Amino acid sequence: LDVFSFAKIVKERHAQIPVALLTSFSKDIYRRIEEQDRSGLDYIFGWHGNTDLLTQEMNALLRMTISYHDYKEDFYHAFLAGIFAGAGYVVESNREHGEGRSDVIVYDLHGGRMAIFEAKYSKTLKKLSDDCDNALRQIDELMYAKEFEGNYDELFCYGISFFKKRCMVKGIGK
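Residues numbered from 1 in each chain as written. Predicted model: local features only at pLDDT ≥ 70, side-chain atom pairs only at ≥ 80, totals over all residues. Heavy atoms only, no water.

J.: Tell me about the overall build of the chain, and name the residues and values.
T.: Helix and strand counts for the chain stand at 5 helices and 7 strands. Put simply, the chain runs from its N terminus to its C terminus through helices and strands in the order α-β-α-β-α-α-β-β-β-α-β-β. Taken across its 174 residues, the chain has 44% of its residues classed as buried. Across the chain, contacts joining residues at least 24 apart in sequence account for 59% of those joining residues at least 6 apart. Looking at the chain as shown, the accessible area adds up to about 9200 Å², and 48% of this sits on carbon and sulfur atoms. (Helix = DSSP H or I, 4+ residues; strand = E, 2+ residues; numbered from the N terminus. Buried < 20%, exposed > 50% of the residue type's maximum accessible area, 1.4 Å probe, protein only. Contact = heavy atoms within 4.5 Å. Areas by Shrake-Rupley, 256 points an atom, 1.4 Å probe, with all protein chains shown as cover.)

Structural data, given as structure tokens:
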């Protein structure tokens, strides 16, 4: 029984139980995700709005995938874009929205959802929370989400800050 079949069985028997797919960077996994019926899965990465779970998912991926040489904001920006592009979503990176350039925007065209991510690099572990707040403030003040309001069923805005192989995610709903 594979994860996709299992997810469908859980959904049929217990519709109220959310099913999340947590995966590492694997071309084979991403190929299978693209080829499979994802209707039994509620969440692949960030579509649940639960920033604690998203923080845990991202931290697990960071620990498994990156090198200690990779600690720069542009690397983390590419890391985010790669996660979602690899999972088969439409991704925009560094495009003008509102009055600035958002880091990563992810579109789930079939699910009618989109997520805006603003990434920050923290100089210390203690700065993760403040840097997340700064990222969210930037999304709000530069109106990255404005043009998308009313066009999607769900719109997620995430500030994510990285320090080495750790991160923190905070969100605001739109």
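Continuing now.
J.: Provide a residue-level description of the pattern of salt bridges, including the pertinent values.
T.: According to the stated counting rule, one finds 5 salt bridges in the structure shown. A salt bridge links R95 to E92, with the shortest nitrogen-to-oxygen separation between them at 3.3 Å. You can call R95 partly exposed: its relative accessible area is 46%. A salt bridge links K170 to D133, with the nearest nitrogen and oxygen atoms 2.9 Å apart. Of this pair, K170 sits in strand β7 (residues 166–173) while D133 is found in helix α5 (residues 128–141), placing the two residues 37 residues apart along the sequence. (Salt bridge = Lys/Arg side-chain N within 4 Å of Asp/Glu carboxyl O.)

J.: Any chance you could break down the packing of helix α3 (residues 51–65) against helix α4 (residues 73–86) for me, citing the residues and the numbers?
T.: In a packed pair of helices, the relevant descriptors are the angle between the two axes and the axis-to-axis distance. Contact pair α3 / α4: the axes reach a minimum separation of 12 Å and the direction vectors enclose 110°. As the angle between them shows, α3 and α4 are arranged roughly perpendicular. Residues M58, L61, L62 and T65 of α3 form the contact with α4, whose own contacting residues are Y76, F79, L80, I83 and F84. Of the residues contributing to the contact of α3 with α4, the split by class is 8 nonpolar, 1 polar and no charged. (Axes fitted to C-alpha atoms, helices over the stretch in contact; angles between N-to-C directions. Parallel < 35°, antiparallel > 145°, perpendicular 65-115°, else oblique. Nonpolar A, V, L, I, M, F, W, Y, C, P; charged D, E, K, R; others polar.)

J.: Which residues make up the confidence of the model for the chain, and what values do they have?
T.: The predicted coordinates of low-pLDDT regions are not to be read in fine detail. Considering every residue of the chain, the mean pLDDT works out to 79; 75% of them sit at 70 or more. The element-level mean pLDDT for the chain is lowest in strand β2 (residues 43–44), coming to 50, with α5 highest at 96. (pLDDT = per-residue confidence, 0-100.)

J.: Tell me about α5, and please be specific about residues and values.
T.: For α5, built from 14 residues, the straight-helix expectation of 20 Å at 1.5 Å per residue is met to within 8% by its first-to-last C-alpha distance of 20 Å. A positive phi of about 55° marks M143, the residue just after α5. (Expected span 1.5 Å × (residues − 1).)

J.: An account of unusual backbone geometry is requested, with residue identities and associated values reported.
T.: Look at M143: it is not a glycine, yet its phi comes out positive at around 55°. Along the polypeptide, M143 turns up in the loop between α5 and β6 (154–163). On the basis of relative accessibility, which here comes to 33%, the residue M143 falls in the partly exposed class. Of note in this structure, K164 is not a glycine but carries a positive phi near 55°. The residue K164 is located in the loop between β6 and β7 in this model.

J.: Help me get a handle on the packing of aromatic side chains, residues and values and all.
T.: For the structure shown, the criterion picks out 10 aromatic pairs. Relative to Y152, the ring of Y107 has its centre 6.0 Å away and its plane inclined at 40°; by these criteria the two rings are tilted. With Y107 in strand β4 (residues 100–108) and Y152 in the loop between α5 and β6, the pair connects residues that are 45 residues apart, well separated along the chain. Judged by its relative accessible area of 8%, Y107 falls in the buried class. (Phe/Tyr/Trp six-rings, centres within 6.5 Å; stacked < 30°, edge-to-face > 60°.)

J.: Provide a residue-level description of the side chain of Q138, including the pertinent values.
T.: Mapped onto the secondary structure, Q138 falls in helix α5. Among the polar contacts made by the side chain of Q138, one reaches the side chain of Y144 at a distance of 2.9 Å. In this view, Q138 contacts E118, K120, M143 and Y144; residues no more than four positions away in its chain are not counted. (Polar contact = N/O pair within 3.5 Å; in protein donor to acceptor, adjacent residues only side chain to side chain.)

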